[in-house]
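# Report on the structure
The residues making up each chain are set out below.
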Amino acid sequence: MDSSLTTKTESGHPYQSQDETSMRDVSWTPEEEHKVVRKVDMRLIPTVWLMFVISWMDRSNLGNAKIAGLNADLHLSSTDYSLAIITFYFGYAICGPLSNLIITRVRPSIYFACLMMTWGIATCCMGAVKTFPQLLVLRILVGIFEGGLTPGVYFVISSWYVPAEQAKRAAFVLSAVLLGGAFGGIIAGAVTSGLEGRHGLRGWRWLFIVEGIITIIWAMIAGFILPDFPATCRHFTPEEKIIATTRLKNCGTNLGDHEGDGPRLGKLQSLKLALSDWRTWGVACGIGLCGCATVLPYFYPTLVNGLGYKEHVTAQYMTVPIWAVAFVCALSSGFIADRIPNHRAAFIAGWSGFAAIISIVVCVVEEYKARYVLLIFQGCGVWTSISLGVAVATTTFQDMRPEVRAISVSLPQAIGNAANIYGAYLFPQEHAPKYLTGFAVISATLAAGSILFALVDVGLARRRKCLA
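Rules of the game
- Residues numbered from 1 in each chain as written.
- Predicted model: local features only at pLDDT ≥ 70, side-chain atom pairs only at ≥ 80, totals over all residues.
- Heavy atoms only, no water.
- UniProt positions renumbered as here; feature names shortened; annotations may be inferred.
- Phe/Tyr/Trp six-rings, centres within 6.5 Å; stacked < 30°, edge-to-face > 60°.
- Helix = DSSP H or I, 4+ residues; strand = E, 2+ residues; numbered from the N terminus.
- Buried < 20%, exposed > 50% of the residue type's maximum accessible area, 1.4 Å probe, protein only.
- Lys NZ or Arg CZ within 6 Å of the ring centre and 35° of its normal.
- Axes fitted to C-alpha atoms, helices over the stretch in contact; angles between N-to-C directions.
- Parallel < 35°, antiparallel > 145°, perpendicular 65-115°, else oblique.
- Left-handed = near helix turned anticlockwise from the far one by under 90°.
- Contact = heavy atoms within 4.5 Å.
- Nonpolar A, V, L, I, M, F, W, Y, C, P; charged D, E, K, R; others polar.
- Polar contact = N/O pair within 3.5 Å; in protein donor to acceptor, adjacent residues only side chain to side chain.
- Salt bridge = Lys/Arg side-chain N within 4 Å of Asp/Glu carboxyl O.
- Disulfide = S-S within 2.5 Å.
- pLDDT = per-residue confidence, 0-100.
- Core = buried A, V, L, I, M, F, W, Y, C linked by side-chain atoms within 4.5 Å.

Looking up the chain in an unreviewed UniProt entry gives the name MFS transporter, with the organism given as Triangularia setosa. As its UniProt record puts it under Subcellular location (unreviewed entry), the chain is described as follows: "Membrane".

What follows is the structure, encoded as structure tokens:
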């Protein structure tokens, strides 16, 4: 490593400010940079990936519990079930941006672990509910504490990786949602059948208890593994911190007050700057439109059940291929998108348009097996659009100050998940077996999302041209 860098760290300073960096020739070899990136990869990506797997299992287990007897035992109507879904998203959508106002001021490792442990406890308690109001209260709590995970993780990713490295990692992290759905179906089938009646408890109650315990255990482990921010991470040497921060600044990332880029902004000022930027609204509304289709997982077991499977366990297992194929598609698209970083939004426009066409076809196809195949293709388009949308958000907002970027990254997640509030009412039981209204609405929102992302791509291209 360059001697000037070594001299600086030996003087006791863990990192250089922007002014200090400009006065000294900080350099490193590609091998040293690769070592730093690899170290971040090993600590951050696998840890948050598993957190995402577990969080999705905890939020979507309601669909598996439904066909395992939840509705019958608690005497839930179709409207009650939809309300149980949307109460989660009220807390989730509202608390995401609020949580990101906090995360720039705390240690992410401890913060994420505390969030996860709290919603794990609430998930366990869902196994003991006796009434519908109790279920609603616990679903709200799970939504509130899960709400801080996704936007917080993507803000941390944008704080460690340069733009050209983010799409594949964002896609990989979000792929955990897809495998979470697949694992959720497998675990639900095993738990609800294997533990049915054990110690006098129904299988769906055991499902909440087992998944809640898994959440709590991993939360305690994750707190010791996760890195914090580049300039303050206790797992990195002073030299590694310099490499991590300087390479980000060289790519135009604003690191805020830690690196001499001005005093920390207040919460209201950060919010005002985020909301006044057209990029925030363009990306947020695009993800919000595509996000309406993410309500489908709550109804996958019900839709698959229409194939004629009488056993709820078989219906749960049959949701696995939908998630598995989408996982492969989203992950491979993330690697491709990093090769065309300036046109990720156009890539999303293509995938969401594809999903919209598939949704239209679903409306006119009546044969269940054909519909099942179409659901698999639709899942590819929907989840690839969402995963790449996150990458567009983290890279597009890279030049914003950290406090502003934290809010801008969180708003697409908030609006996208808020779409599930009305999406939860798109598939009432009385619309079975075709569910034409639900698929028609999803077709329209996906098509609108495709058009909006195409416009965002044009707008970002013009902005780059003006700044060149």
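### Section: the packing of aromatic side chains
Both the distance between ring centres and the angle between the ring planes are used here to describe each pair of aromatic rings. Evaluated as defined, the whole model comprises 13 aromatic pairs. Taking the centre distance of 5.9 Å and the plane angle of 70° together, the rings of Trp56 and Trp323 count as edge-to-face. Taken together, the positions of Trp56 in helix 3 (residues 30-74) and Trp323 in helix 15 (residues 320-337) put the pair 267 residues apart, joining distant regions of the chain. Under the relative-accessibility criterion, Trp323 is labelled buried at 4%. A ring pair is formed by Trp204 and Phe208, whose centres lie 6.1 Å apart and whose planes are at 85°; its orientation type is edge-to-face. Highlighted residues: Trp204 and Phe208, both in helix 9 (residues 203-225), separated by 4 residues, approximately one helical turn. For Phe208, a relative accessible area of 0% corresponds to the buried category. Put simply, the rings of Trp56, Trp323 and Trp383 pair up and form one aromatic cluster. Of note, Lys66 hangs over the ring of Tyr81, and the distance from its end group to the ring centre comes to 4.5 Å.

### As for the packing of helix 3 against helix 4 (residues 78-103)
Here helix 3 crosses helix 4 at 160°, and the two axes come no closer than 11 Å. With respect to helix 4, the element helix 3 is oriented roughly antiparallel. As for the relative orientation of helix 3 and helix 4, their crossing is right-handed in sense. Within the contact between the two elements, helix 3 uses Arg59, Leu62, Gly63, Lys66 and Asn71 and helix 4 uses Tyr81, Ala84, Ile85, Phe88, Tyr89 and Tyr92. Taken together, the residues of the contact of helix 3 with helix 4 sort by class into 7 nonpolar, 2 polar and 2 charged.

### A short note on the side chain of Ser410
Tracing the backbone shows Ser410 in helix 18 (residues 402-423). Take Ser410: its relative accessible area is 1%, and that puts it in the buried class. In terms of polar contacts, Ser410 uses its side chain to reach the backbone carbonyl oxygen of Ile407, at 2.8 Å. If we skip the residues at most four places from it in the chain, Ser410 touches Gly96, Pro97, Asn100 and Pro151.

### Considerations on the pattern of salt bridges
Applying the stated criterion across every chain, the model contains 13 salt bridges. Linking Arg247 and Glu165 is a salt bridge whose minimum nitrogen-to-oxygen distance equals 2.8 Å. Here the residue Arg247 occupies a position in helix 10 (residues 238-250), and Glu165 occupies one in the loop between helix 7 (149-160) and helix 8 (166-194), the gap between them amounting to 82 residues. For the pair formed by Arg247 and Glu165, the shared burial category is buried. In this structure, Glu403 engages Arg401 in a salt bridge whose closest nitrogen and oxygen atoms are separated by 3.8 Å. Here the two residues Glu403 and Arg401 agree in accessibility, since each one is buried. The structure contains a network of salt bridges with shared partners spanning Asp277, Arg279, Asp399 and Arg463.

### Considerations on unusual backbone geometry
Phi at His75 is positive, roughly 55°, even though this residue is not glycine. Within the secondary structure layout, His75 lies in the loop between helix 3 and helix 4. Here His75 falls in the exposed class, since its relative accessible area comes to 68%. We note that His199 has phi near 55°; this positive angle belongs to a residue other than glycine. One can find His199 in the loop between helix 8 and helix 9.

### So, the state of the cysteines
If you walk through the whole model with that rule in mind, you get 0 disulfides. In this model Cys329 remains outside any disulfide bridge; the closest cysteine sulfur is found in Cys380, 4.3 Å from its own.

### Some remarks on the confidence of the model for the chain
Across the chain, the average pLDDT comes to 82, with 87% of residues at or above 70. Across the chain, helix 5 (residues 108-125) holds the top mean pLDDT of 95, while helix 1 (residues 3-10) sits lowest at 38. Counted against residues more than four places away or in other chains, residues 2-24, with its pLDDT under 50, gives 38 contacts.

### Brief notes about the nonpolar core
Judged by nonpolar contacts, the single largest core of 131 residues is most densely connected at Leu44, Met51, Phe112, Tyr154 and Trp160. Looking at this core, the element that brings in the most residues is helix 3, giving 18 residues. Here Leu44 is in contact with Val156, Ile157, Trp160, Tyr161, Leu226 and Pro227, once residues within four sequence places are set aside.

### Examining the environment of Thr396
Secondary-structure assignment places Thr396 in helix 17 (residues 368-396). Along the sequence, Thr396 and Leu460 sit 64 residues apart, while their C-alpha atoms lie 8.3 Å from each other. Only 2.5 Å separates the side chain of Thr396 from the backbone oxygen of Val392, close enough to count as a polar contact.

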